[in-house]
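The chain contents come next:
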Amino acid sequence: MRGRRPHLILLGIILVTLGVVVLLGVPGSPIHKKVTLGLDLQGGVEVILKAVPPKGQQVTPDGLQKSVEIMRSRVDKLGVSEPDVRKQDPDQIVIQLAGVHCLTCATQIIGSTAQLELYDLETSLLSPSIGAQGTAIPTTNLYALLSALKSKAKSGTPDTYYLFKGKRTYLYSGPYQTRQDAVAAEQRQSPDSKTKFPKGPFTVLAVPQHTVVITCSATDVVCPGPAQGGVASPPPKGSTFYYVFKHDLTKGVPQMTGKDINGGGTQSDFDTNGQPQVNLAFTHHGGTIFQKITRDEWLRGKIRNSPQHFAIVLDGDIKSFPQIDYTDSSLADGISGGSGRITGIGSIKESKDIALVLQTGALPYTFKTLARTDVSATLGKDSLNQAKLAALIGLAVVAVFLLLLYRFLGVVAVLGLGIYAAFLYGAILLFKVTMTLPGFAGLILTIGVAADANVVIFERIKEEVRAGKSVRAAIAAGYSKGFRTIIDANVVTAITAMILFAVATAQVKGFALMLLIGTAISMITAVAGTRAMLGLLAGFRWFDNPRFMGAHGQQSAKWLQIDFMKRRYLWFAISGAIIVIGVASLGAKGLNLGIDFKGGTQVTFKTPAFVSLSKIRNEADQIGQKDAVIQGRGTAHGDSYQNFQIRTKSLTAAEQNKLSSDLTDRYHAQSLGIQNVSSSFGSQIARLAIIAVLVSLVLIVIYIAVRFDFKFALPVIIALLHDLLITFGVYSLTGREVTTSTVAAVLTVLGYSIYDTIIIFDRIRENVPLMRRAPFAEIANISLWETIRRSLATTFITLLPVASLLAFGGATLKDFAFALMVGITSGAYSSIFIAAPLLTMWKEREPEYRRRIGHETKGDGTAALLAAEAAAAAQPEPALLPEALPGEPASSRSQAKRERRRQRRSTRPHGRAR
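Residues numbered from 1 in each chain as written. Predicted model: local features only at pLDDT ≥ 70, side-chain atom pairs only at ≥ 80, totals over all residues. Heavy atoms only, no water.

Reading across the sheet, the three strands line up as 7-6-8 and stay open at both edges, with antiparallel pairing between neighbours. If you trace the sheet from one side to the other, it starts and ends with strand 7 (170-176) and strand 8 (202-207), each paired once. In this sheet, adjacent strand axes meet at a mean angle of 25° when their direction is disregarded. Judged from the six bridges that link them, strand 6 (residues 160-165) and strand 8 form a sheet pairing that is antiparallel. (Pairing = 2+ DSSP bridges. Helix = DSSP H or I, 4+ residues; strand = E, 2+ residues; numbered from the N terminus. Axes fitted to C-alpha atoms, helices over the stretch in contact; angles between N-to-C directions.)

This is the structure we're talking about:
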């Protein structure tokens, strides 16, 4: 009982955790959470923004593209998984968001220009916003403030205009870049329909040239102005303070701008009193200017005997105005170090929002919202239901396969997979993972990884049983030996996932997060969960039967024990031929890139009555839009909408006319609108994904070089490139459309290929010191014979849910599953037929292994020697044996150890010790 106690405690912890997971998923429980679905599975909100360029400038394609990249980065930092951000001709950006609870907050952050300016407050304020003593004078009456500047406004070309109504005290709207824009706004309704403006004429007042109006709103903690108890007061509730500042970049006002800020080092934080603040990191140039400003303010404060300030202004609003303490002599040379702080922030949320917009950089234009509407899922409920059905069927088939292959151990493996599925579901709920189709890709891969961890250990256990050990002893040795293999394979997979998550964006990040979570959980369920169950069962006599786990008989079938290394050039020739054909097709035909990569045409239309979205999708082929993305917009009645949009490949004028005609004839479409849209999978996402893959490959090479040998790393990378080339080549040959789902599938191939290769290399590494006189080709062959059942079983297990997707999924899921089928099959092939032979070729160049080449063909009894060494290799290392096994007497253990030592001595060459 003492030996079982740790296993009972571990199972107890697992059961308690399962109970928590159940509460997370049960509606009505105090900790209930819902699964967050992505835009492709549940729909979301669409916001259309219009770019408004600075005065005298125009919207350019480059500027709009930069805005798209900044907005996409901001959305990613908001935690919105896989947004759809794209350009819409000529000056609009469309953003579709899923799982956003505060849409107004999100759109404000996304569209915030993030123009940061730092002013030397006392020298930048203009009368009447500064008094004779050099103190700031705030006013809540902008009309009075601008009226005092009328004469100055007439002497130059004003920069901005404001529109007032009624008794010349009510600000109606503004600022505007021209007087014409302000006058035109008179005909529009108030931007805030709740505000009651008095009747009366409109008045337009200008802001003088090289002057700007800066605000400090009621939401700000402090504002420059009269002090109450030594603390500057905020404006009255519902009011805003206004100030006029100099603004002439040719004369160095403002003294610093956002260009002097290092966004990468800017972050939200807390001050010593626990109040929120934003830590600013300056560039080298910015740090020099900041030191000069603070040095000048210290000296001026010393002369005037009053503290001086600098104002931190974000998008025309004062966020903070720290003072320079002129009594502190340590500040005589200014503040150096290249950093600053924004203090006086009302909440941690506001500090995070400010940090976010500063981290992502300033938008080249301001943006105003043109429209905001609900949109349906890009895949639809049918695709979601098909994915769920395919996943359940895939899991069921995997369970049946494990039961047939491992008998009683299969029961334990199925229970372990059940625990894995529950934990993964709990993690998705707990971490609020947004589930999308790329997320399902990571989920499918982790199912294979979780099952493979059990396969690795169970194959080890069966090897130990065939070597003559009891089932109880075989379980202990199997877990001891298999654990190192699982660690290496999972660490490599986790490296890939972490780098992808840290560097990449959008769809790639969703895949990486699911892969990372699934890999971590699979380690817990395979190593801890199944080990605890087997540890409890190991104490029963009836369990000590090899037939319970299918361990009787030989390990590998005869037809699998072929000379893989001798036929290496045949395998290279087969792969080379496939790659050459694929590359030729890529050169001639290229890839059939979808609208996610190339952009296309968007058609919007309205129907007189509500029409089922699924009906239009099912009839898409009849209107020539088989691969188009079709969404409903606005109010929905179940699955029916009146407003729709179709995003498809770029259409010619004739194709647009035909589509319009088909929509009118079939659905009586009205209000047809046609626009060009850019790709949603932009160059930034592709670039970051490539960088992430390259960085992860470098780290993998370093890890393998440390854990194995540098020569082990090169075949892993070549095998990976082999799989990617074959996958892209097959896509080119078949002409299938490449979408963002294809990217997720390719990343799945990357993870699986590396994982499978590491498993085989781990066995080769283990056999090298055990087979001291064997040629490396023989070591590789025997290692493959010992692991090929595992490789084939894992590949088959991983392909089962993929095949389920291919059989039961919709059109989009079928394309996704096809890429997985090609990549996983190629990954299994390359691990056996490419990576291992390449490793053999490079290792045989070493002097030690060069001397051994040819021994197996001399007919001098070396073959028998190699067989004996292979048998010795199957024996467990004494250091890996546990000190005690549940229910096994000490005398039996000592006798077993003596017997194993005797067997090893008898199998060594000439009876010599190693």
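Text resumes after the structure shown.
Turning to the packing of aromatic side chains, a few remarks are in order. A full pass over the atoms with the stated rule returns 15 aromatic pairs. In this structure an aromatic cluster arises from ring pairing among Phe 564, Trp 571, Tyr 829 and Phe 833. The positively charged end of Arg 736 is found above the aromatic ring belonging to Phe 818, 4.1 Å away from the centroid. In this structure, Arg 765 packs its charged tip against the face of Phe 708, placed 4.1 Å from the ring centre. (Phe/Tyr/Trp six-rings, centres within 6.5 Å; stacked < 30°, edge-to-face > 60°. Lys NZ or Arg CZ within 6 Å of the ring centre and 35° of its normal.)

A separate point is the state of the cysteines. Taken as a whole and judged by the stated rule, the model has one disulfide. Disulfide pairing places Cys 216 opposite Cys 223 at an S-S distance of 1.9 Å. Its torsion about the S-S bond being -85°, the disulfide of Cys 216 and Cys 223 is classed as left-handed. (Disulfide = S-S within 2.5 Å.)

Glancing now at the packing of helix 15 (residues 568-588) against helix 20 (residues 710-734). The N-to-C vectors of helix 15 and helix 20 enclose an angle of 50°; their axes lie 8 Å apart at closest approach. In terms of orientation, helix 15 and helix 20 fall into the oblique class. Relative to helix 20, the crossing made by helix 15 is left-handed. Each of Ser 575, Ile 578, Ile 579, Ile 581, Gly 582, Ser 585 and Leu 586 in helix 15 lies in contact with helix 20, whose residues at this interface are His 722, Leu 725, Ile 726, Phe 728, Gly 729, Ser 732 and Leu 733. By residue class, the composition of the contact of helix 15 with helix 20 is eight nonpolar, six polar and no charged. (Parallel < 35°, antiparallel > 145°, perpendicular 65-115°, else oblique. Left-handed = near helix turned anticlockwise from the far one by under 90°. Contact = heavy atoms within 4.5 Å. Nonpolar A, V, L, I, M, F, W, Y, C, P; charged D, E, K, R; others polar.)

If you walk through the whole model with that rule in mind, you get 17 salt bridges. For the salt bridge of Arg 86 with Glu 46, the shortest nitrogen-to-oxygen distance reads 3.8 Å. Highlighted residues: Arg 86 in strand 3 (residues 84-88) and Glu 46 in strand 2 (residues 44-52), separated in sequence by 40 residues. The exposure classification of Arg 86 matches that of Glu 46, with both residues buried. (Salt bridge = Lys/Arg side-chain N within 4 Å of Asp/Glu carboxyl O. Buried < 20%, exposed > 50% of the residue type's maximum accessible area, 1.4 Å probe, protein only.)

Time to look at unusual backbone geometry. The peptide bond linking Ser 127 to Pro 128 adopts the cis configuration, its omega dihedral lying at 10°. Within the fold, Pro 128 resides in the loop between helix 5 (121-124) and helix 6 (142-147). Backbone geometry at His 210 places phi at a positive 60°, although glycine is not the residue there. The backbone of Asp 315 shows a phi angle near 50°, a positive value even though the residue is not glycine.

Moving on, we get to helix 18 (residues 653-667). With 15 residues, helix 18 extends 21 Å between its outermost C-alpha atoms, agreeing within 8% with the 21 Å of an ideal straight helix rising 1.5 Å per residue. Here helix 18 has its buried residues at Gln 656, Leu 659, Ser 660, Asp 662, Leu 663 and Tyr 667. Seen from one end, helix 18 has its buried residues packed into an arc of 165°, which puts them on one side. Among the exposed residues of helix 18, those oriented more than 90 degrees off its buried face are Ala 653, Ala 654, Asn 657, Lys 658 and Asp 665. Close packing links the buried residues of helix 18 with strand 23 (600-612), helix 17 (613-618), strand 25 (640-648) and strand 26 (670-677). In the stretch just after helix 18, His 668 is the one whose phi turns positive, near 55°. (Expected span 1.5 Å × (residues − 1). Arc of directions from axis to C-beta.)

Our focus in this paragraph is the confidence of the model for the protein. On average, residues of the protein score 77 in pLDDT, and 80% of them are at 70 or above. In the model of the protein, helix 25 (residues 862-873) stands out as the element of lowest mean pLDDT, 45, in contrast to helix 15, which has the highest, 92. Considering only residues more than four positions removed or in separate chains, one finds that residues 189-194, a stretch of pLDDT under 50, has four contacts. Scored below 50 in pLDDT, residues 903-914 shows 18 contacts in the model against residues more than four places distant or in partner chains. (pLDDT = per-residue confidence, 0-100.)

The end-to-end C-alpha separation of helix 22 (residues 776-808) is 45 Å, in line with the 48 Å expected for 33 residues at 1.5 Å each. Remark: the principal bend of helix 22, roughly 50°, maps to Thr 787. Buried residues dominate helix 22, accounting for 26 of its 33 residues. (Bend = angle between axes of the 7 residues up to and from the residue.)

Another point: the environment of Gly 394. Assignment of secondary structure puts Gly 394 in helix 11 (residues 381-430). Under the relative-accessibility criterion, Gly 394 is labelled buried at 0%. A sequence separation of 406 residues divides Gly 394 from Leu 800, and the C-alpha atoms of the two residues are 5.6 Å apart. When sequence neighbours within four positions are dropped, the list of residues in contact with Gly 394 reads Leu 800, Pro 801 and Ser 804.

As a further point, take the pairing of strand 25. Buried residues dominate strand 25, accounting for seven of its nine residues. Where strand 23 and strand 25 come together, eight bridges link them in antiparallel fashion. Pairing of Val 611 across the sheet is with Tyr 641, part of strand 25. The pairing of strand 24 (residues 629-633) with strand 25 spans five bridges and is antiparallel. The residue of strand 25 that forms the bridge with Arg 633 is Asn 643. Hairpin connection of strand 24 to strand 25: six residues between the antiparallel strands, including Gly 634 at a positive phi of 80°.

Moving on: the nonpolar core. Membership of the largest hydrophobic core comes to 104 residues, with the highest contact counts inside it found for Phe 458, Ile 461, Leu 534, Phe 564, Ile 754, Phe 761 and Ile 764. Counting residues per element, this core draws most heavily on helix 11, which supplies 15 residues. If you look at the next biggest cluster of nonpolar residues, it comprises 22 residues, including Phe 290, Ile 293, Val 357 and Leu 358. (Core = buried A, V, L, I, M, F, W, Y, C linked by side-chain atoms within 4.5 Å.)

This part is about a nonpolar patch on the surface. Taken together, Ile 691, Val 695, Val 698, Leu 699, Ile 702 and Val 706 make up a surface patch of nonpolar side chains, about 490 Å² in accessible area. You can see Val 706 is positioned in helix 19 (residues 683-707). By relative accessible area, Val 706 is classed as exposed at 67%. (Patch = residues over 30% accessible without salt bridge, like charges linked within 9 Å, V, L, I, M, F, W, Y side chains within 5 Å. Areas by Shrake-Rupley, 256 points an atom, 1.4 Å probe, with all protein chains shown as cover.)

Assignment of secondary structure puts Leu 750 in helix 21 (residues 740-767). Under the relative-accessibility criterion, Leu 750 is labelled buried at 3%. Considering only alpha carbons, one finds Leu 750 and Leu 720, 30 residues apart in sequence, at a separation of 6.5 Å. With sequence-adjacent residues up to four places away left out, Leu 750 is seen in contact with Thr 496, Val 693 and Leu 720.

Let us now look at the side chain of Glu 117. Among the secondary structure elements, Glu 117 is positioned in strand 5 (residues 116-120). In this structure, Glu 117 is buried with no salt-bridge partner, the nearest side chain bearing the opposite charge being Lys 259 at 11 Å. Reaching out from Glu 117, the side chain makes a polar contact with the side chain of Tyr 119 at a distance of 3.1 Å. Not counting chain neighbours up to four residues away, the residues in contact with Glu 117 comprise His 247, Pro 254, Met 256, Thr 257, Ala 311, Ile 312 and Val 313. (Lys, Arg positive; Asp, Glu negative; His and termini not counted. Polar contact = N/O pair within 3.5 Å; in protein donor to acceptor, adjacent residues only side chain to side chain.)

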